[in-house]
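Okay, here's what each chain looks like letter by letter:
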Amino acid sequence: NTTGSKANHTEIQKLVVKMKDELEKISKSAKEIAKQLHESRKRAALGLTKSVKETLAFLDMPKVAFEAGISAASEFNPCGLDEVEFLISANPGEPLMPMARIASGGELARIMLSLKNVLNLSDGIDTVIFDEIDTGISGKTSRKVGIKLKEIGREAQVICVTHSAQIASLAHTHLFVSKKEVDGRTESAVSLLDDDARVSEIARILGGIEITSAQRVAALEMISEGKSY
């Protein structure tokens, strides 16, 4: 039926025109929302950059330049019409580069800690896990990292795997992870340390082959001092 075919073709054309109009309206609306989101991100990025820099300075990285980079994307992506990337310069005089490309293990750990410390009130994450965050750091810097972990722990559960006495002595709860061979297979075990066992463990981390009374005194002092943060 020629007449019927023409009528169907006309209806299809009308539907195509209608869909194109709807797509244009949706695209225009999406671009407007993306523009508003871009401006909101730029304002938020300034505050984030400032706060992260302050935290990095506290963690003995005062010369590290950090920036939350917001740039325009050529097409829509999960971030709207933005490209979002964290940029750092580890040394004065060096240009800002993507964090994942140039940060060392210790630097990356402290930068991520800084970000979590700044964002923990707004990102809605209940549990944060840090594995070997003490890599590449020691002494005073390790203690400062522990202080920041404890701050995050006031708002979220923090699980931190560490070999640093400066960090472990700041924990609210100290778990000891051990491995042993059972019937030819390796098994891991986790035990909760009481106050005395915790002092012994911190002393063991601080000391050498044998735990001395001086090491136990130092461990007890670190734990007691850590309660003030």
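Scroll up to find the structure this text is about.
Just so it is clear, the structure is predicted and the values come from calculations on it, not from any experiment.

The rules we used
Residues numbered from 1 in each chain as written. Predicted model: local features only at pLDDT ≥ 70, side-chain atom pairs only at ≥ 80, totals over all residues. Heavy atoms only, no water. Phe/Tyr/Trp six-rings, centres within 6.5 Å; stacked < 30°, edge-to-face > 60°. Helix = DSSP H or I, 4+ residues; strand = E, 2+ residues; numbered from the N terminus. Lys NZ or Arg CZ within 6 Å of the ring centre and 35° of its normal. Expected span 1.5 Å × (residues − 1). Buried < 20%, exposed > 50% of the residue type's maximum accessible area, 1.4 Å probe, protein only. Contact = heavy atoms within 4.5 Å. 1 Å grid on protein atoms, 1.4 Å probe; cavity = no way out; pocket = protein on both sides within 12 Å on 5 of 7 lines; lining within 4 Å. Points joined across faces, edges and corners; volume = space filled by probe spheres on them. Nonpolar A, V, L, I, M, F, W, Y, C, P; charged D, E, K, R; others polar. Pairing = 2+ DSSP bridges.

J.: How should I be thinking about the packing of aromatic side chains in this particular structure?
T.: For any pair of aromatic rings, the description consists of the separation of the ring centres together with the inter-plane angle of the planes. Taken as a whole, this structure holds one aromatic pair when the rule is applied. Note on Phe66 and Phe86: the rings are 5.6 Å apart at their centroids and 40° apart in plane angle, and the pair reads as tilted. Placement of Phe66 in strand E1 (residues 65-77) and of Phe86 in strand E2 (residues 80-89) is noted, with a sequence separation of 20 residues between them. The ring of Phe58 is capped by Lys144, whose NZ or CZ atom sits 5.3 Å from the centre of that ring. Here Lys148 stacks its cationic end above the ring of Phe58, 4.8 Å away from the centre of that ring.

J.: Is there a simple way to explain helix H6 (residues 195-206) in this structure?
T.: Since there are 3.6 residues in each turn of an α-helix, residues three or four apart along the chain are aligned in direction. The terminal C-alpha atoms of H6 lie 17 Å apart, and with twelve residues this matches the ideal 16 Å at 1.5 Å per residue to within 8%. Buried within H6 are the following residues: Arg198, Val199, Glu201, Ile202 and Ala203. Summarising the contacts, the buried residues of H6 are in contact with helix H5 (165-168), strand E6 (175-182) and helix H7 (213-226).

J.: Hey, could you run me through the side chain of Ser142 in this one?
T.: For Ser142, the location among the structural elements is in helix H4 (residues 139-153). A relative accessible area of 1% places Ser142 in the buried class. Contact partners of Ser142, with chain neighbours within four places excluded, come to Ile137, Ser164, Gln166 and Ile167.

J.: For this particular structure, what's the right way to read the layout of surface pockets?
T.: Rolled over the atoms, a probe as big as a water molecule pinpoints where empty space is left. The computed volume of the largest pocket comes to approximately 830 Å³. Residue lining of the largest pocket: 28 residues in total, with Cys160, Val161, Ala171, Thr173 and Leu175 positioned closest to the centre. If you list the elements that add at least two residues to the lining of the largest pocket, you get H4, strand E5 (157-161), H5, E6 and H6. Classifying every residue of the lining of the largest pocket by side-chain character gives 15 nonpolar, nine polar and four charged. The space that makes up the second largest pocket amounts to roughly 170 Å³.

J.: Please clarify how the pairing of E2 should be interpreted in this entry.
T.: Working note: regular strand, side chains alternate between the two faces of the sheet. Across nine bridges, E1 lies against E2 in antiparallel orientation. Residue pairing across strands places Gly69 opposite Glu85, the latter belonging to E2. Linkage of E1 to E2, two consecutive antiparallel strands, is achieved through a turn of two residues. Pairing analysis gives two bridges linking E2 to strand E3 (residues 97-98), with the strands arranged antiparallel. Of the residues in E3, the one forming a bridge with Ile88 is Met97.

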